[in-house]
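Report on the structure
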Amino acid sequence: MWDVLFLFSSICTVVVGAAKTVTGYIGEQLDIRCPYESGYESNAKYFCKGECNIGTKNIMVKSGSIARDQRFSLTDNKTTRVFTITITDLRPEDEGQYWCAVEGTVYDRYSEIMLLVKFGSFVIVVTAEALVLLLIGFPLVIVALRKRKKNKSLLLSSIIESSPVLYKQIEDTGHYCTPEDRDTYTTVVYSSVS
Ligand SMILES: *[C@@H]1O[C@H](CO)[C@@H](O)[C@H](O)[C@H]1NC(C)=O
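Every chain is numbered independently, its residues counted from 1 as its sequence is written. It should be noted that, the model being predicted, local features are given only for residues of pLDDT at least 70 and side-chain atom pairs only at 80 or more, the latter also being counted only at that level, while totals for whole chains, interfaces and linings use all residues. Note: side-chain values were computed over all heavy atoms of the structure, leaving out hydrogens and water.

Think of it in three bands: residues with accessible area under 20% of the maximum for their type are buried, residues over 50% are exposed, and the middle band is partly exposed, with areas taken using a 1.4 Å probe on protein chains only. Counting from the N terminus, the helices are the DSSP runs of H or I reaching at least four residues and the strands are the DSSP runs of E reaching at least two. For strand E8 (residues 96–102), the tally of buried residues reaches 6 of 7 residues, placing the bulk of the element in the interior. Strand pairing follows a simple DSSP-based rule, namely that at least 2 bridges must link the two strands. As defined by bridge partners, strand E4 (residues 45–49) adjoins E8 across 5 bridges and the pair is classed as antiparallel. Considered in E8, the bridge of Phe47 is made with Cys100. Both E8 and strand E9 (residues 108–118) contribute to a ladder of 7 bridges, which runs antiparallel. Paired with Ala101 across the strands is Tyr110, a residue of E9.

Next comes the structure, spelled out in structure tokens:
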């Protein structure tokens, strides 16, 4: 399965195999398997992000050293000759090009990983719930708003009930106004009470 390939991308690296696309989900853990050939068991392994050119290697995690980003870890199974990169709490910015790398005396052997980060199924559930809320909630809001309009007359009766003096004042003031002005005045009182 491991066709040793061609392609010297620089003096000191060799690309092994075809690029592999791996998909992970936001907030979840992802294991990336990096198989390697027999004879490299004791070599150091690392996981590099981006172009990973000599001199600008962005090494996320390397065997035998602590990762800068604690979400990245590396375990090497020398029996199965697979080293596994584990990324916890996956984030959208983790998406992109990576390289599984095996350090060599002459050159490092690279195999390319394309990491895609997607929204998990839980997000879809939330969205579906939001949609249901919108469909049920929106008519409810309209009904509530209509009720509020009707309640304006209820508000007046509650004024009469709770504060007869205030109501008397409203009524008395109204007597000195033309009917149009009276309506305006009452409206003002409503809004200041509510
Ligand atoms: C390597 O993988 C084999 C097969 O899955 C397993 O039995 C073994 O315990 C693993 N070794 C390590 C060091 O994880």
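Right, let's talk about the packing of aromatic side chains for a bit. Aromatic pairing here means that ring centres of Phe, Tyr or Trp (its six-membered ring) are within 6.5 Å. Orientation follows from the plane angle: under 30 degrees is stacked, over 60 is edge-to-face, and everything else is tilted. In total, this model carries 4 aromatic pairs according to the counting rule given. Both rings, one in Trp99 and one in Tyr110, keep their centres 5.5 Å apart while their planes meet at 40°; by these two values the pair is tilted. Here Tyr110 lies in strand E9 and Trp99 lies in strand E8, a separation of 11 residues in the sequence. There is no split in this pair, since Trp99 and Tyr110 are both buried. The rings of Tyr46, Trp99 and Tyr110 are connected pair by pair, giving a single aromatic cluster. Definition used: whenever NZ (Lys) or CZ (Arg) falls within 6 Å of the ring centre and also within 35 degrees of the ring normal, the charge is taken to sit over that ring. It is Lys45 that lies over the ring of Tyr36; its NZ or CZ is 4.3 Å from the centre.

So, on to the pairing of E4. Along a regular strand, successive side chains alternate from one face of the sheet to the other. Here E4 lies mainly inside the structure; 4 of its 5 residues are buried. Inspection of the sheet shows E4 paired to strand E5 (residues 58–62) by 4 bridges, in the antiparallel sense. Considered in E5, the bridge of Tyr46 is made with Lys62.

Glancing now at the state of the cysteines. Any cysteine sulfur atom paired with another within 2.5 Å is treated as part of a disulfide. Under the criterion given, the structure shown has 2 disulfides. Covalent S-S linkage joins Cys34 and Cys100, the inter-sulfur distance amounting to 1.9 Å. Taking the sign of the torsion about the S-S bond as the criterion, the disulfide between Cys34 and Cys100, at about -45°, is left-handed. Placement of the pair is Cys34 in strand E3 (residues 30–35) and Cys100 in strand E8, with a sequence separation of 66 residues. With relative accessibility at 3%, the residue Cys100 sits in the buried group. With its sulfur 1.9 Å from that of its partner, Cys48 forms a disulfide with Cys52.

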